[in-house]
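Coordinates in review
Chain by chain, the residues run as shown.
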Amino acid sequence: MRIDILTVLPELLNGPFSASILKRAQDKGLVEIHLHNIRDYSTDRHNNVDDYQYGGGAGMVMSIEPIVTLIEKLKTERSYDEVIYLTPDGEMLEQKACNELSLKNNLMMLCGHYKGIDERIREHFITKEVSIGSYVLSGGELAAAVLSDAIIRLLPGVLNNETSALTDSFQDNLLSPPVYTRPPEFRGWKVPEVLLSGNFPKIEKWREEQALERTKSRRPDLLDE
Ligand code: SAM
């Protein structure tokens, strides 16, 4: 998989991609991350990438030209399965969309700033709009990092234990059951006996019950789906 991220602040994204699972995935050649600075495509003599909004009002808007130049350049080099704009008014990010996106080859992600991007970019180039929650971030970079992480960990070979992503929350519309590790007792707080029993069918049944219980109490909406 290849992910191209279009941003005015590539330095904000260096951190998330340079450690742990996301770094390992790149080192293993399972994903390529390419950061593109929109500012490099500005034709403005001060390298500006934003301008006042038509109609007046507070806040600048990201200009159409540098973004379109960059998107069109990338599209001449390969075809993209999705051109994604991270935006608070996009479709709320869910595991199902991450699963679907993890099957794609080439993804482009556009990070907005200020009041957002000129609407004409959304109309003519964006194929998918994603929100990571009902709150407003200063820019799309953290949202792009969240989306990339949620996708990349699903790629075959990225996680050491191949099955572990499948037993995470939201797969099968259930939350994950509680987990424990050594010691079996700490300050008198005991690990549930069944987990120490070695009886795997019983453990499996306990986990299913716990997952269902947890989902019922914390996210009953998942059970309606
Ligand atoms: N004026 C916009 C609004 O009210 O919907 C908010 C713009 S926000 C300050 C700047 C940029 O941050 C957006 O263009 C988007 O790329 C990103 N962003 C902010 N909140 C986000 C969220 N919840 N999900 C995804 N991206 C977000």
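What counts as what
- Residues numbered from 1 in each chain as written.
- Predicted model: local features only at pLDDT ≥ 70, side-chain atom pairs only at ≥ 80, totals over all residues.
- Heavy atoms only, no water.
- Domains from an automatic or database assignment.
- Near = heavy atom within 4 Å.
- Polar contact = N/O pair within 3.5 Å; in protein donor to acceptor, adjacent residues only side chain to side chain.
- Areas by Shrake-Rupley, 256 points an atom, 1.4 Å probe, with all protein chains shown as cover.
- Helix = DSSP H or I, 4+ residues; strand = E, 2+ residues; numbered from the N terminus.
- Buried < 20%, exposed > 50% of the residue type's maximum accessible area, 1.4 Å probe, protein only.
- Contact = heavy atoms within 4.5 Å.

**A closer look at the domain arrangement of the protein chain**
Each domain of the protein chain was delimited in the assignment, giving domain 1 (2–152) and domain 2 (169–224). The distance between the C-alpha centroids of domain 1 and domain 2 comes to 37 Å.

**Some details on the site of the ligand**
The environment of the ligand is formed by 20 residues, the closest being Y85, L86, G112, Y135 and L137. Here L137 contributes a backbone N or O atom positioned 2.9 Å from a nitrogen atom of the ligand. A distance of 3.4 Å separates an oxygen atom of the ligand from a polar backbone atom of G140. Expressed as a share of its isolated accessible area of 590 Å², the protein-covered part of the ligand is 83%. For the shell around the ligand, the secondary structure elements donating two or more residues are β5 (82–92) and β7 (128–131). The biggest single contributor to the shell around the ligand is β5, with four residues.

**With respect to the environment of L137**
With respect to the secondary-structure elements, L137 resides in the loop between β7 and α6 (141–152). Its relative accessible area of 34% is what places L137 among the partly exposed residues. Note: C-alpha distance between L137 and P16 (121 residues apart in sequence) is 17 Å. If we skip the residues at most four places from it in the chain, L137 touches I132 and A143.

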